[in-house]
Amino acid sequence: MATTFFAPQQEWLRKAEEAKPALHHTLCVPVRMVEPVQDTAAFQGWRYDVSSLSPQTVYERPLAVGQSFTFDFGRHMVGYLSLSTKTLRRCQDAPIRLRLMMGELPAEMNTPLEPWTAWLSRAWMQDEIINIFEVDQSITLPRRLAGRYLRIEVIGASMDFDCALNRVTFDAVSSAGDEQVEEPDGLSYEEHAIYRVGIETLRECMQTVYEDGPKRDQRLWAGDLYLESLANRYSFRNFDLTRRCLYLFAGLVAEDGTIVSNIFERPTPHAQDSSYMITYSLLWNSTLKEYLIDTQDKETALDLWPVAKRQIEDALSYLNDDYIFDIHKRQVWIFFDWRDGLDVSTPMQCATVFALKETYELAKMLGLENEVKHYPLIARKMSTAALRFMYDSKRGVMVSGPNKQVSILAQTWAVKSGILNAKQGAKALETALAMPHSLMPGTPYGTHYLIEAMLMCGMNTEAKAYLVDYWGGMIKRGADTYWEAYDPKDDFLSPYDFFPANSACHAWSCTPVYFMQRYPNVFK
Ligand code: RAM
């Protein structure tokens, strides 16, 4: 049997299994038929217009080669598609061949996918060809799908008989179910929409783990988990799901005890090979701390405490004699955002300080601070080093790397870690935001930390305006759920080199839910 770093890993996996939630099912049917329209003014160049057909009229039409129908279910769904067919004339003498495509956004549905230029698998796209040998039956596609739109094209049919689609249904699943959550008071119409879309995003991503994106990658990432669990606190309050995810990561640590960045549940829970990413390993500690705050479940936190300590020990092994996190010491993935060209050295220095403080807090809550009494001193020395080597005091901004890059994320993590105080932080954020060449985040994940930093620095009006503009911008461009990547200046931004591969329902983007509930005085 493979050796494990922590003796109770099997036990932890068992506890994770015990906490697996049941899925709630909702039967959905198409609400209208739509027609694609190419439109340079629309997001990514495509929009849907309401068709003159209704689903009912489509169900009465004989299927003929060349027909194409697009059903709009009126909401984002995650689950299983069923369709049934019925004979209209004579009897079936040949199979019917259909090309199906399910998708989240109009452009994803209508942009030619070949040649496939993304560096992720083409198979994430939700198109299938099916052959129906038995009309008058219902079939359910085995693949779990995510999206709002379904296109059915008829690519093979016999002239000797007529049949029609009979009914198209979708069994939508989520562990959050249809449960309605309380909304904050006093929101404007626009803010209300921003909040609702955040809730829908989280609901769709809450399956038997907190998934990152139900279309793609359909798995549990530690960084996404951190933000999802914060939004869950203020909405569904399903803390068993958080506990399950914490245990899954603990049960599946790498050979050296580090938390892996992502986990698959099926066929049995396992980690992606060599998926070590130190920023996410450290955020796992924060997730555990926040879980303890939410639940007071000391038993779980004590059980997992050695894992948290191990993450800090690992991070400290990168420090050089100047108390600088040396990003070149070992091969390591340091992720803060998908923006190309982001220098991660300063954000990483700050993220380590943040993790030291968070883990120390956790220790205090567990009465174990004696075990980690050296943490505060290391955090102080690292903070001093950061201010000495990474802070441009003249301009009042954090800089990163040999080219002294000014990025928004270097400022936000300096604020989050407390390396910059509120006054310095406000100055750094304002300066960096005003600089034409400072690097902006390219995802709602990175933007989350910007909003958080603004709020920590008392930039309440700016934080609110930024949030409303950024997340509201997605809604104006047609979002039912928030997207994985979004840059108001670049509709085609894709971390994967081809925008249809982007996920349009992405957990890490749901955090307006968190902000609007956590800061009621700002958002009202
Ligand atoms: C994307 C995932 C996930 C994120 C990682 C770093 O591929 O969808 O959301 O955590 O990147």
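Above this note sits the structure.
Residues numbered from 1 in each chain as written. Predicted model: local features only at pLDDT ≥ 70, side-chain atom pairs only at ≥ 80, totals over all residues. Heavy atoms only, no water.

S.K.: Would you mind going over the overall build of the protein in detail, with residue names and values included?
M.R.: Of the regular secondary structure elements, the protein holds 15 helices and 14 strands. Against the globule reference of 24 Å for 524 residues, the protein gives a C-alpha radius of gyration of 25 Å, in line with a compact fold. Referenced to the eigenvectors of the C-alpha coordinate spread, the extents of the protein come out at roughly 85 × 55 × 45 Å. Residues classed as buried in the protein amount to 60% of the 524 residues present. Partitioning the contacts of the protein with sequence separation of at least 6, the portion at a separation of at least 24 is 76%. Element-wise, carbon and sulfur atoms account for 51% of the exposed surface of the protein, whose accessible area totals about 21400 Å². Measuring between centres, the 53 positive side-chain charges of the protein sit 4 Å from its 67 negative side-chain charges. (Helix = DSSP H or I, 4+ residues; strand = E, 2+ residues; numbered from the N terminus. Rg over C-alpha atoms; globule rule 2.2 N^0.38 Å. Buried < 20%, exposed > 50% of the residue type's maximum accessible area, 1.4 Å probe, protein only. Contact = heavy atoms within 4.5 Å. Areas by Shrake-Rupley, 256 points an atom, 1.4 Å probe, with all protein chains shown as cover. Lys, Arg positive; Asp, Glu negative; His and termini not counted. Charge placed at Lys NZ, Arg CZ, Asp CG, Glu CD.)

S.K.: Could you give me a rundown of the site of the ligand, with the residues and numbers involved?
M.R.: The environment of the ligand is made up of 13 residues, and the closest members are D212, D224, Y280, Y496 and H506. In this structure, R216 approaches the ligand through a side-chain N or O atom, which is 3.1 Å from an oxygen atom. Contact with the protein chains removes 97% of the 290 Å² of surface that the ligand exposes when unbound. For the shell around the ligand, the class distribution of residues is seven nonpolar, one polar and five charged. (Near = heavy atom within 4 Å. Polar contact = N/O pair within 3.5 Å; in protein donor to acceptor, adjacent residues only side chain to side chain. Nonpolar A, V, L, I, M, F, W, Y, C, P; charged D, E, K, R; others polar.)

S.K.: Tell me about the side chain of S407, and name the residues and values.
M.R.: Of note, S407 is situated in the loop between β14 (397–398) and α11 (408–416). At a separation of 3.1 Å, a polar atom in the side chain of S407 contacts the main-chain amide nitrogen of A410. Here S407 is in contact with L342 and L439, once residues within four sequence places are set aside.

S.K.: Give me the lowdown on the pattern of salt bridges, citing residues and values where you can.
M.R.: Counted under the stated rule, the structure contains 40 salt bridges. Between K20 and E17 there is a salt bridge, with the nearest N and O atoms lying 3.7 Å from each other. In this structure K20 comes out as partly exposed when scored by relative accessible area, which is 38%. Overall, E17 belongs to the partly exposed group, its relative accessible area being 40%. The residue K364 makes a salt bridge to E361 at a minimum N-O spacing of 3.4 Å. Separated by three residues within a single helix, K364 and E361 lie in helix α9 (residues 345–365), roughly one turn from each other. If you follow the salt bridges from partner to partner, you end up with R233, K289, E290, D294 and E358 in one network. (Salt bridge = Lys/Arg side-chain N within 4 Å of Asp/Glu carboxyl O.)

S.K.: Kindly report on the packing of aromatic side chains, identifying the contributing residues and their values.
M.R.: Summed over the entire model, instances satisfying the criterion amount to 33 aromatic pairs. A centroid spacing of 6.3 Å and a plane angle of 25° characterise the contact between Y59 and F71, whose relative ring orientation is stacked. On the criterion of sequence distance, the pair formed by Y59 in helix α2 (residues 55–60) and F71 in strand β4 (residues 68–89) is long-range, its members being 12 residues apart. Judged by relative accessible area, which is 7%, Y59 ranks as buried. Relative to W508, the ring of F335 lies with its centre 5.9 Å away and its plane at 15°, an arrangement referred to as stacked. Taken together, the positions of F335 in the loop between α8 (298–316) and α9 and W508 in the loop between α14 (460–476) and α15 (512–518) put the pair 173 residues apart, joining distant regions of the chain. Judged by its relative accessible area of 4%, F335 is buried. Relative accessible area serves as the criterion here: at 2%, W508 is assigned to the buried category. Above the face of the W116 ring, R122 is positioned so that its terminal group lies 5.9 Å from the ring centre. The cationic tip of K416 hangs over the ring face of W413; the distance from NZ or CZ to the ring centre is 5.7 Å. (Phe/Tyr/Trp six-rings, centres within 6.5 Å; stacked < 30°, edge-to-face > 60°. Lys NZ or Arg CZ within 6 Å of the ring centre and 35° of its normal.)

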